[in-house]
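Coordinate analysis (summary)
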Amino acid sequence: MFAICFARDSDPGLNAGKGKPLYDLLVSFADVGSRDTSQGYPYRETLASCLDCSKQTVDRAADYLEKEIGLVKVHRRKVEGKPDENDANLYELFDAWLIQGVPPPAGTPPQLVARYGHMIAGLDIDGWVSEHAPDFDLGAWRAAYDETLRAQEAKREEQRRKERARRKPKKKGGGVTGDATPQGAESGGGSVTHDATGGVTGDATGGVMGDALSRAVLPEPSSTTDPAPAARSAADARRASAGSSACERAKGGSAASGQDRSSEGQGAAAAAGTDVPGQRAQGPEDQELTGEQAARVKAVVAALPDALVALLPYGTLPKRNRRQWLESMGARTTEQIADRIARRWVQHGYADALHSAEGTGIGRAVGVAMALVRAGECPHPRCEDGHSIDSRAECRVCVERRADRRAAKKAAAAAGKGTGAVRQAPHRPGWWECTICHTPGKGQAPDDGECTRCQDEAAAAAQQLADRWAQEAAALEAEQQAAADLSADLDGQDEEDAAAEAAEAQRVAEERAAEQQADAEATARLRTELAEQFPELAAVSGSTGSSGPPPF
């Protein structure tokens, strides 16, 4: 829930800089339990590289998250034993209670509680602040926060007002063709292009005509056979108007007199020999943009290189291409699109083609502008030219797609089919595109049509496969040797067990024989002692002749 609320926060400070991306990046470095970066200690340079910005931008974003939002606390560290040398900062996050949906613990920045405390059911923000942060002026913070929201809403309302004003249908008449015509002269004519019997163009000596023509520079056809010139100076326009208007008044009107302005005027101009193109059919790309969309297009145009803007028609992107431009931006922010433009302008060779000594210029400026903003071919929504826009790590989907293309190319070559020729990069003479990743390259294209990165990647993949096979073979051999050693150990163990059993049986037999011998000796000794003590018994025993055992 907090992730959604934070992502949708319209705070200008969060959206204008790298505040939101920096928080998302710190979450990836933070430990789940301690909610700090003590396990990773990312350096400012690492964060700046991941966000594709400068270290100063990272510092500003971290300062805003710490002081204005209270979501992060930066602990600046020194290298141990070197007090003058800075070490990686420790970033502490205070988002655990928001993620778990529990009341904030003591020590939580009060501005964070005031901003997002409403997400916790039953949390008394006033009571928590008075207990844990009595020095924090909650009322002043709320007033300032409400004022920021009001200013932001007023800015949006002003944008909507301008958009509504721009969408209002223009009033008929006015300007050069309406205001310069006297009232009540509509029946008699008097516009610049549609009536030559009076008014502005009908009067060759009037002062209004000179001013209007000097600003509008709209030439009159001097005859019915010569095509209309593309442009004239103010003096030439006046001279042409003076002669042609007088002539046409004598004949009763010009080529576009008193008829319907949209159809009759075009027909008369065509009859007079002028090359007037037909009106293009309206399509979805011609629909008017909203104020927010127009502002975004304007911001992205401002991010284009100045050399490219100078080549665009009227220094901006044509209207019919703007909707396609917006669709290409997708969910990316304006800052991310600006980074994409700056990166592609250099890496894709447009800057080299335009500025280098051997550069031959670029092709169509509008096509280049579209290519700089167009989304990549990867279907993954977070892929940005082969790298994750969040972590700047290489996109796994792109790696798999390149592997698939390479496998298809090898299969086609094995089947004797053509693998496709190297394509020349559009709008950049002297540049070519890789057949695997479509990355542009400069100079002579390689025979296989693959760029250096794809060649290195293929070689690394082959080496990795060979290493894996070698490891598997070594592992199999080790397993076989271990099995043989185990079998030998088991055989030796069996022999040892048999010898031990035999020795144990012999020991038991020897002990039993020794016990029997001892018992016999003890019996004989007792008999001797009894015979000595009781001789009469021994005599009686001997006289009986009994063969049984003696009585003692």
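This section reports on the structure supplied with the text. (Residues numbered from 1 in each chain as written. Predicted model: local features only at pLDDT ≥ 70, side-chain atom pairs only at ≥ 80, totals over all residues. Heavy atoms only, no water.)

Turning our eyes to something else, we now look at the pattern of salt bridges. For the structure shown, the criterion picks out 27 salt bridges. Of the charged contacts in the structure, one is a salt bridge between Arg343 and Asp385, with a shortest N-O distance of 3.1 Å. Residue Arg343 is located in helix H18 (residues 334-347), and its partner Asp385 is located in the loop between strand E5 (383-384) and strand E6 (387-388); the two are separated by 42 residues in the primary sequence. Taking the relative accessible area as the measure of exposure, Arg343 reaches 12% and is therefore buried. We classify Asp385 as partly exposed; its relative accessible area is 29%. Where Arg468 meets Glu472, a salt bridge forms, and the shortest distance between an N and an O atom there is 3.9 Å. With Arg468 and Glu472 both in helix H22 (residues 452-533) and four residues apart, the pair spans about one turn of that helix. One network of salt bridges, in which partners are shared, links Asp52, Arg332, Arg340, Arg343, Arg344, Glu384 and Asp385. (Salt bridge = Lys/Arg side-chain N within 4 Å of Asp/Glu carboxyl O. Helix = DSSP H or I, 4+ residues; strand = E, 2+ residues; numbered from the N terminus. Buried < 20%, exposed > 50% of the residue type's maximum accessible area, 1.4 Å probe, protein only.)

Okay, a negative patch on the surface next. Judged by side-chain charge, Asp485, Asp489, Asp491, Asp494, Glu495, Glu496, Asp497 and Glu501 come together as a negatively charged surface patch. The topology assignment puts Asp489 in helix H22. Here Asp489 falls in the exposed class, since its relative accessible area comes to 51%. (Patch = residues over 30% accessible without salt bridge, like charges linked within 9 Å, V, L, I, M, F, W, Y side chains within 5 Å. Areas by Shrake-Rupley, 256 points an atom, 1.4 Å probe, with all protein chains shown as cover. Lys, Arg positive; Asp, Glu negative; His and termini not counted. Charge placed at Lys NZ, Arg CZ, Asp CG, Glu CD.)

On to the nonpolar core. Core analysis: the biggest nonpolar cluster contains 38 residues, and Leu22 and Tyr116 have the highest contact counts within it. If one sorts the elements of this core by residue count, helix H5 (residues 55-69) sits on top with five residues. Those residues in contact with Tyr116, other than ones at most four positions away along the chain, are Phe2, Cys5, Phe6, Asp9, Leu14, Ile69, Trp97 and Leu98. The next biggest cluster of nonpolar side chains, apart from the first, holds 26 residues, and it includes Val301, Leu308, Tyr350 and Val368. (Core = buried A, V, L, I, M, F, W, Y, C linked by side-chain atoms within 4.5 Å. Contact = heavy atoms within 4.5 Å.)

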